[in-house]
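Below are the chains, spelled out letter by letter.
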Amino acid sequence: MTKWEYSTIPLIIHATKQILDQWGEDGWELVQVVPGPDGNGLVAYLKREKNAS
C-alpha cells in the first residue's frame with residue numbers, strides 16, 4: 001500500500017511558478033490550491049510518496 005506525506009505552503013502570487021517548481025523538484029505533487037485563511041493569498045496542498053523505512 002502506498003503511503004503519502006502531505007505539506008501545506010503559502011503561495012506568493014508573483015512567485016507561484018518558482019515556488020511550485022522547487023517543491024516539484026523535491027518530489028512533491030500539487031493536490032489543490034485554496035484561498036488563504038485570511039481570505040487573501042493562496043495556500044497549496046502537496047503530497048509525495050513516503051520512503052519505505
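- The name an unreviewed UniProt entry assigns to the protein is DUF4177 domain-containing protein, from the organism Arthrobacter pigmenti.

1. Notes on the overall build of the protein
Part 1: In terms of helices and strands, the protein carries one helix and three strands.
Part 2: Traced from its N-terminal end to its C-terminal end, the protein shows the element sequence β-α-β-β.
Part 3: Overall, the C-alpha framework of the protein stretches about 40 × 20 × 15 Å when taken along its three principal axes.
Part 4: Every one of the 53 residues in the protein was classed for burial, and the buried ones make up 21%.
Part 5: Surface accessibility of the protein: about 4,300 Å² in total, with carbon and sulfur atoms responsible for 52%.

2. Structural notes on the pattern of salt bridges
Part 1: Within this structure, the stated rule accounts for two salt bridges.
Part 2: Between Arg48 and Glu5 there is a salt bridge, and its shortest N-O distance comes to 2.8 Å. Of this pair, Arg48 sits in strand 3 (residues 42-49) while Glu5 sits in strand 1 (residues 4-11), and the two are 43 residues apart along the sequence.
Part 3: Overall, the relative accessible area of 26% leaves Arg48 in the partly exposed class.
Part 4: Overall, the relative accessible area of 28% leaves Glu5 in the partly exposed class.

3. A few points about the sheet that holds strand 2 (residues 29-35)
Part 1: Across the sheet, which stays open at both edges, the three strands sit in the order 1-3-2 with antiparallel pairing between neighbours. Looking along the sheet, the strands with just one partner apiece sit at the ends: strand 1 and strand 2. Strand-to-strand twist across the sheet, computed as the mean angle between neighbouring axes with direction ignored, equals 20 degrees.
Part 2: With eight bridges connecting them, strand 1 and strand 3 associate as antiparallel partners. In the sheet register, Pro10 faces strand 3, and the bridge partner there is Val43.
Part 3: Where helix 1 (residues 16-25) meets the sheet, it contacts strand 1, strand 2 and strand 3, and its direction lies at approximately 160 degrees from that of strand 1.

4. So, the packing of aromatic side chains
Part 1: If you walk through the whole model with that rule in mind, you get one aromatic pair.
Part 2: Ring centres 5.5 Å apart and planes at 65 degrees place the aromatic pair Trp23 and Trp28 in the edge-to-face group.
Part 3: In this structure Trp28 comes out as buried when scored by relative accessible area, which is 12%.
Part 4: Lying over the aromatic face of Trp4, Lys47 brings its terminal NZ or CZ to 4.1 Å of the ring centre.

Reading guide: rules and limits
Each residue is numbered by its place in its chain's sequence as written, counting from 1. Given that this is a predicted model, residues contribute local features only at a pLDDT of at least 70 and side-chain atom pairs are listed and counted only at 80 or more, while totals for whole chains, interfaces and linings are drawn from all residues. Side-chain metrics rest on all non-hydrogen atoms present in the structure, leaving aside hydrogens and water. Here a helix means four or more residues in a row that DSSP labels H or I, a strand means two or more in a row labelled E, and each is numbered from the N terminus. Only protein chains enter the accessibility calculation, which uses a 1.4 Å probe; a residue whose area is less than 20% of its type maximum is buried, one above 50% is exposed, and one in between is partly exposed. Exposure was quantified through the Shrake-Rupley algorithm and a 1.4 Å probe, taking into account, for residues, occlusion by the shown protein chains and nothing else. Salt bridge, as applied in this entry: a Lys or Arg side-chain nitrogen positioned within 4 Å of an Asp or Glu carboxyl oxygen. A strand pair is defined by DSSP finding two or more bridges across the two strands. Where helices are involved, their axes are fitted lines through C-alpha atoms of the stretch in contact, as for all axes, and angles between N-to-C directions lie from 0 to 180°. The contact definition used throughout considers only heavy atoms, calling two residues in contact when any of these lie within 4.5 Å. Within 6.5 Å between ring centres, the rings of Phe, Tyr and Trp (the latter by its six-membered ring) count as paired, and their orientation is classed by plane angle as stacked under 30 degrees, edge-to-face over 60, tilted in between. Two limits define a charge over a ring: the Lys NZ or Arg CZ must be within 6 Å of the ring centre, and within 35 degrees of the ring normal.

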